[in-house]
Amino acid sequence: MMAVLDSILPVVSRSSALALGLYRVAASCPNEAAKDLIHAASTTNSFASTLKQIGTIIKEDDRLPSHEVCRTS
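What you are looking at is a predicted structure, and each value in this text was computed from that prediction instead of being measured.

Draft legend 1. Inspection of the environment of Ile-54 at higher detail. Along the chain, the position of Ile-54 falls in helix 2 (residues 31–63). For the pair Ile-54 and Leu-5, spaced 49 residues apart in sequence, the C-alpha to C-alpha distance is 8.8 Å.

Here it is as C-alpha cells:
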C-alpha cells in the first residue's frame, strides 16, 4: 500500500502546482479566457484534493492491523 501512496503524493503536488499556475495566468487574461482557465484550474484542484483524500485513507488503512494479525488461534 505504501508504494501506491508514494505514487500518489507527487501527482497531488504537480496537480496543485498546475492549478496555481492556471489561476495566475487567468488573473492576467481577458474575461472569457480567464473563465475557461479558472474552470480548468478548479477542476485540477478538485482532482488533487480528491487524490489527497484517497492518499490519506490509504495511509490510515495501512496503520490499522490486518484481520489476520488480529485473529487469535
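Once you've had a look at it, read on.
Draft legend 2. Representation of the side chain of Thr-44. You can see Thr-44 is positioned in helix 2. Apart from the residues within four sequence positions on either side, Thr-44 is in contact with Ser-15, Leu-18, Ala-19 and Leu-22.

Draft legend 3. Region of the structure containing the environment of Ile-57. Structurally, Ile-57 is set in helix 2. Along the chain, Ile-57 and Leu-5 lie 52 residues apart, while their C-alpha atoms are 9.7 Å from each other.

Draft legend 4. Focus on helix 1 (residues 2–27). Spanning 26 residues, helix 1 covers 38 Å between terminal C-alpha atoms, matching the ideal 38 Å at 1.5 Å per step. Burial in helix 1 covers these residues: Leu-5, Ile-8, Val-12, Ser-15, Ala-19, Leu-22 and Ala-26.

Quick notes on the rules
- Residues numbered from 1 in each chain as written.
- Predicted model: local features only at pLDDT ≥ 70, side-chain atom pairs only at ≥ 80, totals over all residues.
- Heavy atoms only, no water.
- Helix = DSSP H or I, 4+ residues; strand = E, 2+ residues; numbered from the N terminus.
- Contact = heavy atoms within 4.5 Å.
- Expected span 1.5 Å × (residues − 1).
- Buried < 20%, exposed > 50% of the residue type's maximum accessible area, 1.4 Å probe, protein only.

No statement about biological role is implied by the geometric values presented.
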